[in-house]
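Residue-level structure breakdown
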Amino acid sequence: MMATRTKLSTLSRQVLTSSPRRFSVPQILSPRRSLSSRVQPSYPGCRPQLQVCHSQRCLTSPRGRRHFGASSTSRGATALAFAEEEPVEEIEVDQGTLPASKLRNIAIIAHVDHGKTTLVDQLLRQSGTLKPNTDQNSAASTDGDSEFGQRVMDSNDLERERGITILSKCTSIDYNGTNINIVDTPGHADFGGEVERVLNMVDGVALVVDATDGPMTQTRFVLGKALARGLRPLVVLNKADRSTARPAQVESDLFDLFATLGATDEQAEYPLLYASAKQGWATAQGPSAPGQAIAPGADMTPLFDLILSHVPPPSHLNRSKPFSMLTVQIESDPYVGVLYLGRVQSGVLRSAKAKSKKIFGRRGLERTEKDAAGAGEIVSIAGIKMGSGGVNVTLVHPEGWGEEGPVALPTTPIDPPTISVVVYPNDSPLAGQEGSKLTSQLIRDRIYKEAETNVALTVLPGPTSESLELRGRGVLHLGVLFETLRREGFELGIGPPKAVLVPNPEVPGQMLEPVEECTVMVKEEYAGGVVQKLTMRKGEMVSYEADEAQEGWVRIVMDVPARGLIGYMAGEFKNDVHGQGTINHIFKGYEPYRGAMDTGRNGALISMANGESSGYAMMPLQARGAMFIHPQIQVYPGMVIGESSKSQDLYLNPCVKKQLTNIRAAGADEKIVLASPKIMTLEESLAYMADDEIVEVTPKNVRLRKLILDVNKRMRMKK
Ligand code: GDP
C-alpha cells in the first residue's frame, strides 16, 4: 500500500510538471484531496475544462497525459469534452432526467445455484421490460429445464461451467415507471476489490437464499461487506416450492448469520419473502404450521413492492451540484468503443449533439442510449478517452464547486496483481492444427484489448520479443482469461505462475511478496488437513474458531503467500474437504519473502518420440509413474506425458507399436490394462508445472511440455 502511495504521488507530480500549458492541465488527485491547490489559472481564449480526478489508478502511459476540456455551447451550458489536438466534441450538462424517486439501485447476493439468475429472469419477464418478440430470453420456459443458454444474468459460458459469477453485470428493470437497477456481485475475491466497488453504487441488497440449503459460506463475504456499508438487506427464501424446503431452520440460520456478521438491529430486522423463481411467485406468507408447505403466491408483485418500499431511492445525491461520477467498471463495445460504468454521484449529465460522446442506460442487459443522466442513475459513458486505467476515476464538471474546487470521490483500491505468467505463441510441433489465431501479433492485440477493461490485469513485455508477461489477481483470474482466449481460437504457450515480488523500500536487498488473508470455512473433521497443507505452503495461522452459524463447522483464517494458493485453490482444496468447505482470499499486503516451498512434485515422464501413443507401449511405462495421456494421443519429443515416481525426469517412448508378422504366435496376446490417466484442466496444469515447463493451450487440448523441447539444448541451458 505504502509503495502504491509513493508511486502515485510521484507520478502526479511528474505529469503535472511535464504538462504543456497551452490548453489546460490534467487534474490527478488522491482521494479526498482538494483540487484547488492544483487548478491552473485559465488563459485567455481557453475553454472551461472537464476534469478527471484519478484517485487510484496511475497514469503511466503517455496517452494518460491527454487533457480533458469542455466547451461552452450556444445555450450557455458547459460541455464535457476531451481536448488534445482533436476537434472538441460535446456533452452538455443540464437538468431534466428520471427523478430520484423513480430509481432503485440494488445489488443481488446469492450462492451459486440458489436461483439468482432464474429470479432476475422472472423479474424481467413479469415487469414487461423485455417485449415478447424481442426478448433476450423469450424462448426461456419457466420450467427451468430449457432455460440454459437463454438467461439474462448468467450469460457467460465460463460462468456456467465454473458456477461462479466472474463479471458483475448490471440489469435494469422498468416496473410501473420505476427503474430498478440490479447489480450482480462477483462471487470470488480473485476479482480484487470489485465487490466493494459494486456495492458503492447501490442503496440496498437482496440476499437470495435456497430454502433447503440455507445460507452458504460464500455469501458471507459479500453480505459482510454490504452490512459494513450500512446497507439494509431484504431476504428472498427461494425454491420455496420444493418439498425439501425447511424455512424455519433456514430463517434461524439466517438470523445467526446476520448476528455473526455484526448486523445492527435495523439490519437484522430484514423483511423476508418466500419465493419460487422457477414458478414465478413470491409471498410474505410463511408455512401455516411447522412442517407445512408454503402456499404459492400469485406472481412476483410482492418482491417488486418490497424493493420499492425497502430500498431507499438515491434522493440523498444532490442534483443541483455540478456533475460528478466515479467510474466503477470499464466495458467495451465494438461500435462505441470503451465505456465507463458508474453511478452519477452529483449533478446531471446531458448529451447533446454529441458525435462520439454518448450516455447509455440499460433495458434488461442491453445498453440503450439516453439523453441525460441525473445523480443516482447507473450509466455507461462512451467516448471519453482516458489513456491507461479508467476505474476509480472521478469525472467531474469543473465549475460551481466553490473555493475548494472539485474533490475526487472516495474509492476502493484495486487489489494489486499478485501472480505473473509469461505467455508465448505456440511453437510446439502440433501448433496450428486446432486453433486459428497463432501469431504473437494477434495474441498481443487481443491481450492489450482485454487489459483495457480487465482492471486487475497488467501487461508487460515478456522475456523474449514474442512473449508477454501478464500479471493478475490469481490463477482463477488469469485462468478465466486463458479459457476465454482458447474458446476464441487462440493457441498459446503459458509459463509457470510466479508471485510478483517487490523490493522492500526499507531494507535494501530484501524482497517482499504478496500475502493473502485466506478464510476457510470447513467441516471440523477436514480442518486439520487444510491447516497442514496451508502451513506447508508457508501459511501462518491467524484464528481458528467454531462457526456459530453452522454446527460442526470451523472458520480458519490464515495468512498465506499468494504463490502458496496457486496449486491449492485449483483443485486440491476440494479433495481435502470432500466438497464441504469454501476458501476465499483477499489481498492483505506485502511481507518479507517466506522462502522456497516444497511443492512435493516428482520428476516428469517426458516423451522422446514423435507420433501417436499406443497402449502396447504405455502398459510397461506405468511402472515408472502416473500417466497424463490416453493411448492414441499425438505426442512429440519434450512433451510431458506423466509424473515419474522418482525425483528425476525420465525419457520414454510411448509410441512403440507391436510388430505384426505373418507367423502365428502360439500363446494368446497379452491383455493391455491401463490405469486411467490423470487429465488436468488448464488451471490444474498451471498450478502443477515446473519452472522449465509451459502449458500448450489450444481450443481442443491442454498439453504440458518442456519450454525447450530439444533435450540436448535443454541440458546445456540447465548447466
Ligand atoms: P444461480 O447460480 O444462483 O444463478 O442459480 P440459477 O438461477 O442458475 O438456478 C440454479 C438451478 O436452480 C436451476 O436449475 C434452476 O432451474 C433451479 N431453480 C432456480 N429457482 C428455483 C426455484 O424457485 N425452485 C426450484 N425448484 N428450482 C429453482
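Rules of the game
- Per chain, residue numbering runs from 1 following the sequence as it is written.
- In view of the model being predicted, local features appear only for residues whose pLDDT reaches at least 70, and side-chain atom pairs are presented and counted only at 80 or more, with totals across whole chains, interfaces and linings using the full set of residues.
- As a rule here, side-chain values come from all non-hydrogen atoms in the structure, and water together with hydrogens is ignored.
- Helix and strand definitions follow DSSP, with helices as H or I runs of at least four residues and strands as E runs of at least two, each counted in order from the N terminus.
- Each residue's exposure class comes from its accessible area (1.4 Å probe, protein chains only) as a fraction of the maximum for that residue type: buried when under 20%, exposed when over 50%, partly exposed otherwise.
- Two residues qualify as a contact provided that any one of their heavy atoms is within 4.5 Å of a heavy atom in the partner residue.
- Residue burial considers only the protein chains on display, and all accessible areas are found by Shrake-Rupley using a 1.4 Å probe.
- For every residue, the predictor reports its confidence as pLDDT, a number between 0 and 100.
- Whether two strands pair comes down to DSSP finding at least two bridges between them.
- Polar contacts here mean pairs of N or O atoms no more than 3.5 Å apart (in protein, one a potential hydrogen donor and the other a potential acceptor; neighbouring residues in sequence count only if both atoms are side-chain atoms).
- Helix axes are fitted to C-alpha atoms over the stretch in contact, other axes to C-alpha atoms as well, and angles between N-to-C directions run from 0 to 180 degrees.
- Residues with no salt bridge and a relative accessible area higher than 30% make up the patches, which join like charges within 9 Å and nonpolar side chains (Val, Leu, Ile, Met, Phe, Trp, Tyr) within 5 Å.
- The term salt bridge refers to a side-chain nitrogen of Lys or Arg lying within 4 Å of a carboxyl oxygen of Asp or Glu.
- The set of buried Ala, Val, Leu, Ile, Met, Phe, Trp, Tyr and Cys residues whose side-chain atoms join them within 4.5 Å is what this entry labels a nonpolar core.
- Ring pairs shown here join Phe, Tyr and Trp side chains whose ring centres sit within 6.5 Å, with only the six-membered ring taken for Trp; geometry is labelled stacked below 30 degrees between planes, edge-to-face above 60, and tilted in between.

1. A short note on the overall build of the protein chain
A tally of helices and strands in the protein chain yields 15 helices and 36 strands. Looking at the protein chain as a whole, 53% of its 719 residues are labelled buried. A separation of at least 24 residues holds for 70% of the contacts in the protein chain among residues at least 6 apart in sequence. As displayed, the protein chain offers around 31900 Å² of accessible surface, 51% of which is attributable to carbon and sulfur atoms.

2. A short note on the confidence of the model for the protein chain
In regions of low pLDDT, the predicted coordinates are not meant to be interpreted in detail. A residue-level look at the protein chain finds 77% of positions with pLDDT of 70 or above and a mean pLDDT of 76. Low pLDDT, under 50, characterises residues 1-51; the stretch is placed with 108 contacts to residues that sit more than four places away or in other chains. Long-range and interchain partners of residues 53-94, a stretch whose pLDDT sits below 50, account for 164 contacts in this model, where long-range means more than four residues apart.

3. Things to note about the pairing of strand β25 (residues 511-523)
Every regular strand shows the same layout, with side chains that alternate between the two sheet faces. The element β25 is extensively covered by neighbouring structure, given that ten of its 13 residues are classed as buried. Pairing between strand β24 (residues 502-503) and β25: two bridges, direction antiparallel. Considered in β25, the bridge of proline 503 is made with methionine 511. When β25 meets strand β28 (residues 581-592), the two strands line up antiparallel, connected through eleven bridges. Within β28, the position partnered with methionine 521 by the bridge is threonine 582. In this sheet, strand β27 (residues 553-561) lies alongside β25 in antiparallel orientation, the contact comprising nine bridges. Following the sheet pairing, lysine 523 is matched in β27 by tryptophan 553.

4. Here we look at the side chain of asparagine 504
Note that asparagine 504 resides in the loop between β24 and β25. At a separation of 3.0 Å, a polar atom in the side chain of asparagine 504 contacts the main-chain amide nitrogen of glutamate 506. In contact with asparagine 504, other than residues within four places in its own chain, are Gln510, Met511 and Leu512.

5. Describing the sheet that holds strand β31 (residues 625-627)
Strand order in the open sheet made by the four strands is β31-β33-β29-β34, with mixed pairing throughout. One side of each edge strand has no neighbouring strand; the edge strands of this open sheet are β31 and β34 (650-652). Taking each pair of neighbouring strands and ignoring which way they run, the sheet shows an average axis angle of 30°. As paired strands, strand β29 (residues 604-607) and strand β33 (residues 640-644) are joined by three bridges and run antiparallel to one another. Bridge assignment links leucine 605 to a residue of β33, and that residue is glycine 642.

6. A closer look at a nonpolar patch on the surface
On the surface, a cluster of nonpolar side chains totalling about 250 Å² of accessible area is made up of Leu501, Met511 and Tyr593. With respect to the element layout, methionine 511 can be found in strand β25.

7. Here we look at the nonpolar core
Within the largest apolar cluster, 36 residues are counted, with the highest numbers of intra-cluster contacts made by Leu199, Leu207, Val235, Leu237, Leu254 and Phe258. Counting only elements with at least two residues in this core, the list comes to β4 (103-110), α4 (194-199), β7 (204-210), α5 (217-228), β8 (233-238), α6 (247-260) and β9 (272-276). Filtering out sequence-adjacent residues up to four positions away, valine 235 remains in contact with Leu207, Leu254, Phe258, Tyr270, Pro271, Leu272 and Leu273. Ranked by size, the runner-up nonpolar core spans 31 residues in total, among them Val459, Leu481, Leu492 and Met680.

8. A closer look at the side chain of asparagine 181
Relative to the helices and strands, asparagine 181 is located in strand β6 (residues 178-184). Among the residues examined, asparagine 181 registers a relative accessible area of 3% and is labelled buried. A distance of 2.9 Å separates a polar atom in the side chain of asparagine 181 from a polar atom in the side chain of asparagine 105. Excluding residues within four positions of it along the chain, asparagine 181 makes contact with Leu103, Arg104, Asn105, Ile106, Thr171, Ser172 and Ile378.

9. Quick word on the environment of serine 685
With respect to the helices and strands, the residue serine 685 is situated in helix α14 (residues 682-688). Spatially, the C-alpha atoms of serine 685 and leucine 704 are 7.1 Å apart, while their sequence positions differ by 19 residues. For serine 685, the contacting residues outside a window of four places in its chain are Met680, Val695 and Val702.

10. Re the packing of aromatic side chains
All told, the structure shown has three aromatic pairs when counted by the stated rule. Judged by centre distance (4.4 Å) and plane angle (35°), the rings of phenylalanine 258 and tyrosine 270 are tilted. Of this pair, phenylalanine 258 sits in helix α6 while tyrosine 270 sits in the loop between α7 (265-268) and β9, and the two are twelve residues apart along the sequence. By relative accessible area, which is 14% here, tyrosine 270 ends up buried. Their ring planes at 85° and their centres at 5.5 Å tell us that phenylalanine 628 and tyrosine 688 sit as a pair that is edge-to-face. With a gap of 60 residues between them, phenylalanine 628 in the loop between β31 and β32 (634-635) and tyrosine 688 in helix α14 connect regions that are remote in the sequence. Residues phenylalanine 628 and tyrosine 688 agree in their burial class; the two are buried.

11. Quick word on the sheet that holds β6
Read from one edge of the open sheet, seven strands run β5-β6-β4-β7-β8-β9-β10, paired in mixed fashion. The open sheet has two edge strands with one neighbour each: β5 (170-175) and β10 (281-283). Averaged over neighbouring strand pairs, the angle between their axes works out to 30° when direction is ignored. Sheet analysis places β4 next to β6, joined by six bridges and oriented parallel. Residue pairing for β6: leucine 103 is matched across the bridge by asparagine 179. In this fold helix α2 (residues 116-127) packs onto β4, β5, β6 and β7, with an angle of close to 35° to the strand it touches most, β5. Each of β4, β5, β6, β8, β9 and β10 is contacted by helix α8 (residues 301-310), which is oriented at about 165° to β8, the strand it contacts most.

12. Observations regarding unusual backbone geometry
Phi is positive for lysine 239, close to 60°, though the residue is something other than glycine. Among the residues examined, lysine 239 registers a relative accessible area of 21% and is labelled partly exposed. Notably, glutamine 632 is not glycine yet its phi reads approximately 60°, a positive angle. Residue placement: glutamine 632 occurs in the loop between β31 and β32.

13. A few points about the pattern of salt bridges
Counted according to the given criterion, the structure contains 25 salt bridges. Taking the shortest distance from any N to any O, the salt bridge between lysine 370 and glutamate 377 comes out at 2.7 Å. Judged by relative accessible area, glutamate 377 falls into the buried class, the value being 3%. Ionic pairing is found between arginine 446 and glutamate 450, a salt bridge with its closest N-O pair at 3.1 Å. Here arginine 446 pairs with glutamate 450, and both are found in helix α9 (residues 440-453), just four residues apart, close to one helical turn. Note on accessibility: arginine 446 and glutamate 450 belong to one class, buried. Residues participating in the shared-partner salt-bridge network are Glu331, Asp333, Arg362 and Arg367.

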